[in-house]
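So you can see what is in the structure, the chains are spelled out below.
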Amino acid sequence: MNTIDTQVLAADEVGLSLAADILGRGGLVAFPTETVYGLGADARDDVAVAKIFAAKGRPNFNPLIVHVATIEAARELCDFPDCAEILARRFWPGSLTLVLPIKERARISPLVTAGLSTLAIRVPSSPIAIKLLEEFGGPIAAPSANLSGTISPTTADHVVQGMGELVDAVVDGGHCTVGLESTIVGCNSRPALLRPGGVPAEVIEAVIGAPLASASVEINAPGQLQSHYAPEGLVRMNVKVPLADEVYVGFGPTPNAKYNLSANGDMTEAAANLFDILHRLNDIGAKKIAFAPVPSVGIGVAINDRLRRASAPRPL
Ligand code: TXA
Ligand code: MG
């Protein structure tokens, strides 16, 4: 682990002002959001955004999410069809990303959108993320602050361990409260669920009064689908009886489990613990891992989505 050059900043006035300075000079700052830690750069600065792709080892055709402090700031960058208006009002600030038509005058680097005519955008609810956005005074492009294909970070320490000297600074805001990435909804034509996440699809459907079409953001990004969010060990999911050589991760009362997503079966707690447990499994060098079944309702859909990717076949 090489952590010598990583500057860990406190999430206070001094730390956030330093973080905003680094962003302003085209640097990379990892910062907490309520979902996961983001790897932030000035979304208007081509060189800074290019550094995100280089640091993550991320394919250039996989576009990034832009974070802004307010719905008004989002309006400067995107058009808001009716459904987006309703969703933004109801779920922002929060763990919902909207994919919207980008305005011609938005000065967002084309690297952020990978040349698409749409922009993925959200207003995070983490007060630290909001303070940083206010201090910086502009849009911050930020994918999750991990190497492409590895487990997303939910603590500053995960970022330091995973990306170390590849970032200029990490703002330490403790544990992310949601612990899974934002739900992505496309509002270009008919509202479509592009990625399950922190806000359950049912809740969104109840607000728009119609089912979400299903689509996948991964269509444009082959290779992202398989073994994403993967720990080093092999993962099986929906396991009621683990094999003798598997480290077992329970959900609800699971007497023989080494770790438990939530001992009392609380889905929100399970979501918040998932990535941290995957990181711990790496730390102990677990070779074979079995996850107990998690019901596919509410945020459980997003938990199972991440587990499915973690257990997908690995590229050779
Ligand atoms: O919770 C989150 O969303 C975190 C935090 C840091 O905000 N960010 C995050 O970013 O998960 P990332 O880069 O790991 O995931 C962004 C996803 C990708 O799957 C990408 O393909 C999709 O958003 N995306 C971005 N722009 C898009 C667009 N214009 N159309 C369709 N999908 C898009
Ligand atoms: Mg990610």
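Quick caveat: nothing in here was measured; it's all calculated off a predicted structure.

## Structural notes on the overall build of the protein
Phase 1 of the analysis: If you tally the helices and strands in the protein, you get 10 helices and 15 strands.
Phase 2 of the analysis: Scaling as 2.2 N^0.38, a compact globule of 316 residues should have a C-alpha radius of gyration of about 20 Å, and the protein matches this with 19 Å.
Phase 3 of the analysis: Expressed as lengths along the three principal axes of its C-alpha atoms, the size of the protein is roughly 60 × 50 × 35 Å.
Phase 4 of the analysis: Evaluated residue by residue, the protein yields a buried proportion of 57% over its 316 residues.
Phase 5 of the analysis: Pairs at least 24 residues apart make up 67% of the contacts formed inside the protein by residues separated by at least 6 positions.

## Thoughts on the site of ligand 1
Phase 1 of the analysis: Near ligand 1, the surroundings consist of 22 residues, among which Thr 35, Arg 58, Asn 62, His 67 and Ser 182 are the closest.
Phase 2 of the analysis: Here Arg 58 contributes a side-chain N or O atom positioned 2.9 Å from an oxygen atom of ligand 1.
Phase 3 of the analysis: Contact distances for ligand 1 include 2.5 Å between an oxygen atom and a side-chain N or O atom of Asn 62.
Phase 4 of the analysis: Contact with the protein chains removes 94% of the 680 Å² of surface that ligand 1 exposes when unbound.
Phase 5 of the analysis: Contributing elements (two or more residues each) for the shell around ligand 1: strand S4 (65–67) and strand S6 (118–122).
Phase 6 of the analysis: Take the shell around ligand 1: its biggest share by element is 3 residues, from S6.
Phase 7 of the analysis: Here the residues of the shell around ligand 1 are counted per class, giving 11 nonpolar, 7 polar and 4 charged.

## Some words on the packing of helix H4 (residues 82–91) against helix H8 (residues 201–208)
Phase 1 of the analysis: For the pair H4 and H8, interaxial distance at closest approach is 10 Å and the crossing angle is 120°. With respect to H8, the element H4 is oriented oblique. Here the hand of the crossing between H4 and H8 comes out right-handed. Taking contact as the criterion, the partners of Ile 86, Leu 87, Arg 90 and Phe 91 in H4 are, on H8, Val 203, Ile 204, Val 207 and Ile 208.
Phase 2 of the analysis: Looking at the contact of H4 with H8, its residues break down into 7 nonpolar, no polar and 1 charged.

## Focus on helix H7 (residues 156–163)
Phase 1 of the analysis: Of all the positions in H7, only Ala 156, His 158, Val 159, Val 160 and Met 163 are classed as buried.
Phase 2 of the analysis: Buried residues belonging to H7 abut strand S1 (7–10), strand S2 (29–32), strand S3 (37–42), helix H2 (46–56), strand S8 (169–172) and helix H9 (267–283).
Phase 3 of the analysis: Looking one or two places after H7, you find Gly 164, whose phi comes out positive at around 40°.

## Regarding the sheet that holds strand S13 (residues 247–250)
Phase 1 of the analysis: Taken in spatial order, the 4 strands of this open sheet run S12-S15-S13-S14, and their pairing is parallel. Unpaired on one side and paired on the other, strand S12 (234–236) and strand S14 (259–260) mark the two borders of the sheet.
Phase 2 of the analysis: Summarising the sheet, S12 and strand S15 (residues 288–291) pair through 3 bridges and their orientation is parallel. Looking at S15, one finds that Leu 234 is bridged to Lys 288.

## Quick notes on the sheet that holds S4
Phase 1 of the analysis: The strand order S1-S8-S2-S3-S7-S4-S6-S5-S9-S10-S11 describes an open sheet built from 11 strands, whose pairing is mixed. Both outer strands of the open sheet, S1 and strand S11 (213–214), are each paired with one neighbouring strand and no more.
Phase 2 of the analysis: Its contacts with the sheet place H7 against S1, S2, S3 and S8, and it is angled at close to 160° to S8.

## Section: the packing of aromatic side chains
Phase 1 of the analysis: For the structure shown, the criterion picks out 1 aromatic pair.
Phase 2 of the analysis: With a centroid separation of 6.1 Å and an interplanar angle of 85°, the aromatic rings of Phe 80 and Trp 92 are classed as edge-to-face. Taken together, the residues Phe 80 in the loop between helix H3 (71–77) and H4 and Trp 92 in the loop between H4 and strand S5 (96–101) connect sequence positions 12 residues apart. Taken individually, Phe 80 and Trp 92 each receive the classification buried, so the pair is uniform in this respect.
Phase 3 of the analysis: Seen from the ring of Phe 80, Arg 75 lies directly overhead, with NZ or CZ sitting 5.3 Å from the centre.

## Notes on unusual backbone geometry
Phase 1 of the analysis: The linkage connecting Trp 92 with the following residue, Pro 93, adopts the cis geometry, with an omega of -5°.
Phase 2 of the analysis: Topologically, Pro 93 is positioned in the loop between H4 and S5.
Phase 3 of the analysis: Positive phi outside glycine occurs at Ala 114, with the angle close to 55°.
Phase 4 of the analysis: Relative to the helices and strands, Ala 114 is located in the loop between helix H5 (110–113) and S6.
Phase 5 of the analysis: Although it is not a glycine, Asn 238 sits at a positive phi angle of roughly 60°.
Phase 6 of the analysis: Turning to its location among the elements, Asn 238 is positioned in the loop between S12 and S13.
Phase 7 of the analysis: According to the relative accessible area criterion, Asn 238 is partly exposed, its value standing at 46%.

Parameters at a glance
Throughout this description, residue numbers start from 1 for each chain and increase along the sequence as written. Here every chain gets a letter starting at A, and every ligand a number starting at 1, in the order they are written. Only residues with pLDDT of at least 70 get local features here, since the model is predicted, and only at 80 or more are side-chain atom pairs given and counted; chain-wide, interface and lining totals rely on the full set of residues. Only hydrogens and water are removed before side-chain values are computed, so all heavy atoms of the structure are retained for them. A helix here means a DSSP run of H or I that spans at least four residues, while a strand means a run of E at least two residues long, and both kinds are numbered starting from the N terminus. C-alpha atoms define the radius of gyration in this analysis, and the globule rule sets the expected value at 2.2 Å times the number of residues to the power 0.38. Working definition: with a 1.4 Å probe on protein chains only, accessible area under 20% of the residue-type maximum means buried, over 50% means exposed, and in between means partly exposed. Contacts are residue-level and defined by heavy atoms, with any inter-residue pair within 4.5 Å sufficient. Residues are labelled near a given molecule or strand when at least one of their non-hydrogen atoms is within 4 Å of it. Pairing of N or O atoms within 3.5 Å defines a polar contact, subject to two protein rules: one partner must be a possible hydrogen donor and the other a possible acceptor, and residues neighboring in sequence count only if both atoms are side-chain atoms. The Shrake-Rupley method, run with a 1.4 Å probe, gives the accessible areas here. Residue values count only the displayed protein chains as cover. Only Asp, Glu, Lys and Arg are considered charged, only Ala, Val, Leu, Ile, Met, Phe, Trp, Tyr, Cys and Pro nonpolar, and every remaining residue, Gly among them, polar. Note on geometry: axes are C-alpha line fits, over the in-contact stretch for helices, and angles between N-to-C directions span 0 to 180 degrees. Here is the rule for angles: anything less than 35 degrees is roughly parallel, anything more than 145 is roughly antiparallel, 65 through 115 is roughly perpendicular, and the remaining ranges are oblique. Should the near helix be turned anticlockwise from the far one by less than a right angle, the crossing is termed left-handed; should it be turned clockwise, right-handed. Two strands are said to pair when DSSP picks up at least two bridges between them. Only rings of Phe, Tyr and Trp enter the pairing, Trp through its six-membered ring, and a pair is recorded when the two centres are within 6.5 Å. The plane angle decides the type: under 30 degrees is stacked, over 60 is edge-to-face, the rest tilted. Consider the ring centre and the ring normal. A charge sits over the ring if Lys NZ or Arg CZ is within 6 Å of that centre and within 35 degrees of that normal.

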